[in-house]
Structure formats: structure tokens, C-alpha cells
Amino acid sequence: MTIEATDPQLAAYPALSAYLAQQSQQSQQAGQFEEAPPTYPTHPAHPAPPVQPAQPIHPVQPAAPDPHPVPAQPRPERSGPTREVFAERAPQTAAETGAATGAGTDAGTGAVRVPALRIRPRVMRRGIVAGAGAVSLLWGSQAEPSARLDALFACAAHLSGLLAGYGILVMLLLMARVPAVEHGVGADRLARWHSLGGRYVLGLVGAHGVLALCGYAAYTGTDVLRATAQLLDYGGIVAAAFGTLALGAAGVSSVRVARARISQETWRAVHFLTYLGAALAFAHQLVGPDVSGSPLTVWAWAMLHATVAVLIVWYRGVVPVRQALRHGLRVVEVRDESPDVVSVVMRGTGLDALRAEPGQFLRWRFVQRRLWHTSLPFSLSAPVRDDTVRITVKALGVHSRRMRRLRPGTRVLATGPFGAMTAHRRTRRKVLLLAGGVGITPMRVLFEALPAAPGDLTLLYRASNAAQLVLRDELEAIAVARGAALHYLLGPSDAAFDPLAPQALRDLVPDLAEHDVYLCGPGPMAAAATASLVKAGVPQQHIHSEQFSF
């Protein structure tokens, strides 16, 4: 079977389909996309027999000899900081391709599964800006030009207040865990937008309060202190003041210095005050002149808030409970992978319905003492198979260290999947996977499931020493079975030789600039690798990464 540019499994990815269309004739001549049944590496709950590269896994009819054979060029075994495993194998079947990308059919029913809706970051940004413009137009349509000082303060207070209310809605929407937004924009980018936008919102809220106070003082001809006392006689103003304090407390708790001094549970509890602040701000705006001046404006503003509220309740409340009741996940095994890394294997019911794509993560809540109150984001370290999932965790914090003591039978609540570092981002035929430390977990799944011809897929695994390599046997089995290149980049980060330097990367991957790059690792390593990749000629738009330190 040959994968053409019009293959229905690839039709959902316009950029990759366009590229394949340009290369289809060359691909057919080179015979690079001949498929064979897949071979899976060792699975934690269902081990497979060792791969024998010299023998076919399933009997196949021998192909006709090539009239112009090209002699194979053996790749030398590398010494020093790298090691390479290379063998030939055809890529995955179309069914596996669909499973990896979200397309395909549902097991047992045969129904066609439509790819999930994804909102791209550019579309999301334009929508947010357009909404801010609409709010500004609403203000402009009601503003009455005046040169009086109190009127100028009032106009500025109204604009800042409307934009602050709109900004609060946007911040809540970004964190509502809507799948179309999460899968299209990416959880890490959403968290950064939320953090940056929160500062603007707090600035607008503060500006609204100061400008309104100054306008009232100018209108009544009193000083600011007396004007403050008079305004606090109004119940609506008191409610708005409490809402401002709630939003301010959430913002202060998110400052880096404060976040480092408080626990995750305390931070989350304080952050829930944003809902109280949003509710009080909404009540305050409904009686303000800009919203209450027209029944249509009141209806539109109320519908916006109701829509965001429903999305939050549904995706942060109803969906997690429904998934927990439906899948019944429980811990099956906790296995040491290295001195500070463990794998947790879980089994449930109907896990295919999660539609978790390679490269995505879920938020896990383990119903066990000292862990039940915390939702932890961990990516899958093996594909969902036979209603079994696996995560691999490094002991970086208090909660991840406690996971080593999980007992078999512990109930697990999983929410998701989330993340956008999937096959949907791919635009090129050749792919480089670059992992650092425990960032190998999403790369290991992509290494197995990402569609690629022999020689088109490369994995670089950065670690301080060989003892820090996790899932090593599985990675080598996948490399042999898929005909992929695997390099271990070993050595301390402060060593004289930097394996992630631009020239070092070009030596390992000579046609590096022609690759899509998927990157996952600690923040400093990811930043350094991104800079090196750009210097080595990889365009920024072809570097796909996702950080989980949010």
C-alpha cells in the first residue's frame, strides 16, 4: 500500500498534504512509503517478544527485485556523547496513522471519527483583538464629547471598566479547558497568555477605580478622601471594591516571588477568588451607564458571561466527573525506571474514547492521602492500548515524589487530553524529536506513532549520563522496528562540548533545516535547543514545543 497525497488519513492536515503532493512522484520513484504491519515495543502491561530485525514480524510476499538496486550505506556506530541505532522498517498502517492523528474509525462501530476541532493561535489572537475593538466601539457610540474635567475622567473610567470586564471574560475562557482551544493553541501558550493578560486586566481594573474616583471628586468639588467615603455609601460600589480586592489577591499570588513561597494548594484556593471577582464585576457593570443604557447591550453582555460560565462549569466540572465515572481508572503497577523516575501503569474501561493523541497530556488526580487534592499534568509515555495507559514521572516536587508510594488499586481521575504538540503541527516529511530528561515521555509516544518512512525520523535524547536514560529498551526497539535514528547525547550541561550546539546538531542531522522539530525538556534546555536550532537553519515556525511548568 502506498500513502498518496490524497490519502484520507492525511487530508485533515492541509500543510502536510500539500507538501506530500509536491513530493509524491519522487516518493513513488524512491519507494519510500511502502507499508508493513506494525511492530510495537515492550508495553508495560502486555510485553511483546523481542524484535528480530533480520526477520519479518509477519509473513509477507517478497517484492519483485529492483532492476536498479541502490546499495545500502551502513551508518557508523558513533562514540563519545552519542549512540545511534538504525534499521529499516516500513512506516505504520493507515489505521495507526488515523489513531495517531485523531482521524479514523471508532472501534467496534466502524463509524468514521471526525478530527477534533482546533482553533489556531492566530485565529484566537485575532478574535480576542476583535472583541476588544467591539467593546471600544460600544463605548465610543455612547461617549458624549465634553471638555469638563469630570467628564474626561468619567469617559476614561467607562472605557477602562468595559475593557477590564471584557478582559476578565477572556482570562476565564483561556483557562476553561475548552478542547478546541487547548488542542489548537496549546496549554503552555494559553498559560502564558493568561499570565500576561492578567497583568493588563489588573491594570485596567486599577485605572477604572482611580479614574472613577477622580471624576467623582471633580464632579462634587471635594477631595479624594472625602469622595472615597461618599462612594462607599453605595452598595454597588462596595461590591465592586470587594471584587477588585479578590482579583488583586489572585494576581499577587501569581507573582513569581509569591508563587515560590506558597503551596500549590494555597495558590489554587486564592486563584478561585477570580470567579468571585468576575461575578461582582458583572453585577457592577449591569447597573453602569455603558451596559444598562440599552436592552440589547444588557442582553449581549449577559450572554457573553453566561456562555463563559457554562463552558467553565461543563469542561472543568461536568466533563471530569463524567470521565471518572465512565472509565474507572485504577493504578495497576508502579515501576522504577531510574533512581528518580517511576512509571505508573493504569487500567480502565473504554479509554479509546479519550481520543488521546501522541504528544498530549492529561491532568491526573490520584485518590490517595496527600495526593487527592492536587491535579498533576503528565503526558502519556506509551500509547493507549488495551484500556491501559502509562505515565512516566520524575521526582521534581513534593507530589511527584509521593507518586512512588502509590498502591495498586488506587482510583485515578483523569481529565483531558490537553496539549497541541501532536501530528497536527507537522508540515514536513522529515521529523526530528528532541528530548531532554523526563521530556522523553511525549517524544517516546511520537517516536512510535508519528507516520514516517525509514530514515525520515530521528530522536535525540539529552541526558547527563547513561543512568539517567529512561525507557531505553523501548526506544531502541522502536528505532530498530521503524528504521529510525536514535542518538543519546550524554554529558554534563557545563561540559566543554555542547551536543546541542548548532554545528553538533548539523553533524548528527545533516539535512536538519528540512525537518520539523518536536522539542520537550526542562526550560533552560528547551530555550538553548531552540536558539541552536534557529542558528542551524530551522525556521522558528517548524519548531514545536510545549512546557509543563505552568
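Preceding this paragraph is the structure being described.
First things first, this report covers the structure right here in the doc. (Residues numbered from 1 in each chain as written. Predicted model: local features only at pLDDT ≥ 70, side-chain atom pairs only at ≥ 80, totals over all residues. Heavy atoms only, no water.)

What follows concerns the overall build of the protein. Of regular secondary structure, the protein possesses 18 helices and 14 strands. Taken over 550 residues, the protein has a buried fraction of 45%. Partitioning the intrachain contacts of the protein with sequence separation of at least 6 by distance along the chain shows that 74% fall at a separation of at least 24. Accessible surface, the protein as shown: approximately 27100 Å² in total, 62% of it carbon and sulfur. (Helix = DSSP H or I, 4+ residues; strand = E, 2+ residues; numbered from the N terminus. Buried < 20%, exposed > 50% of the residue type's maximum accessible area, 1.4 Å probe, protein only. Contact = heavy atoms within 4.5 Å. Areas by Shrake-Rupley, 256 points an atom, 1.4 Å probe, with all protein chains shown as cover.)

Quick look at the nonpolar core now. Core analysis: the largest hydrophobic core is formed by 28 residues, its most contacted members being Ile168 and Leu174. Once residues within four sequence positions are removed from consideration, Leu174 is found in contact with Met124, Ile128, Leu190, Trp193 and His194. (Core = buried A, V, L, I, M, F, W, Y, C linked by side-chain atoms within 4.5 Å.)

Attention now goes to the sheet that holds strand E9 (residues 412-418). Pairing in this open sheet of 6 strands is antiparallel, and the strands run E4-E5-E8-E7-E6-E9 from one edge to the other. Edge strands, defined here as strands with exactly one partner in the open sheet, are strand E4 (330-338) and E9. Across the sheet, the mean angle separating the axes of adjacent strands is 35° when strand polarity is ignored. (Pairing = 2+ DSSP bridges. Axes fitted to C-alpha atoms, helices over the stretch in contact; angles between N-to-C directions.)

Quick look at the pairing of E4 now. Bridge count for E4 against strand E5 (residues 341-347) is 7 bridges, and the pairing is antiparallel. Bridge assignment links Arg330 to a residue of E5, and that residue is Arg347. Between E4 and the antiparallel strand that follows it, E5, lie 2 residues.

Attention now goes to helix H16 (residues 472-482). Every α-helix carries 3.6 residues per turn, so stepping three or four residues along brings you back to the same face. The element H16 is extensively covered by neighbouring structure, given that 9 of its 11 residues are classed as buried. By the burial criterion, the buried members of H16 are Glu474, Leu475, Glu476, Ala477, Ile478, Ala479, Val480, Ala481 and Arg482. Looking at the residues trailing H16, positive phi occurs at Gly483, about 70°.

It is possible for side chains of opposite charge to pair when their charged atoms get near one another. This model, assessed by the stated rule, comprises 10 salt bridges. With a closest N to O distance of 2.7 Å, Glu474 and Arg390 form a salt bridge. With Glu474 in helix H16 and Arg390 in strand E8 (residues 388-394), the pair connects residues that are 84 residues apart, well separated along the chain. Like Glu474, the residue Arg390 is buried in the burial classification. It is possible to trace a salt-bridge network through shared partners that takes in Arg385, Arg390, Arg444, Glu448 and Glu474. (Salt bridge = Lys/Arg side-chain N within 4 Å of Asp/Glu carboxyl O.)

Helix-helix packing: each pair is described by the crossing angle between the helix axes and the interaxial distance. Where helix H4 (residues 149-174) meets helix H11 (residues 273-286), the axes come as close as 10 Å, and the angle between the chain directions of the two elements is 145°. With respect to the hand of their crossing, H4 and H11 are arranged in left-handed fashion. On H11, the residues touching Gly161, Leu162, Gly165, Ile168 and Leu172 of H4 are Thr274, Tyr275, Ala278, Ala281 and Gln285. Its residues placed into classes, the contact of H4 with H11 shows 6 nonpolar, 4 polar and no charged. (Left-handed = near helix turned anticlockwise from the far one by under 90°. Nonpolar A, V, L, I, M, F, W, Y, C, P; charged D, E, K, R; others polar.)

Once that is clear, we can look at the packing of aromatic side chains. Evaluated as defined, the whole model comprises 2 aromatic pairs. Ring geometry for Phe361 and Phe418: centres 5.9 Å apart, planes at 45°, overall tilted. A residue pair is termed long-range when its members are at least 10 positions apart, and Phe361 in strand E6 (residues 361-366) and Phe418 in strand E9 qualify at 57 residues. The pair Phe361 / Phe418 is uniform in exposure class, with both members buried. Summarising the aromatic geometry, the rings of Tyr461 and Tyr488 are spaced 6.2 Å apart at their centres and angled 65° between planes, so their arrangement reads as edge-to-face. Taken as a pair, Tyr461 in strand E11 (residues 457-463) and Tyr488 in strand E12 (residues 485-490) lie far apart in primary sequence, 27 residues in all. (Phe/Tyr/Trp six-rings, centres within 6.5 Å; stacked < 30°, edge-to-face > 60°.)

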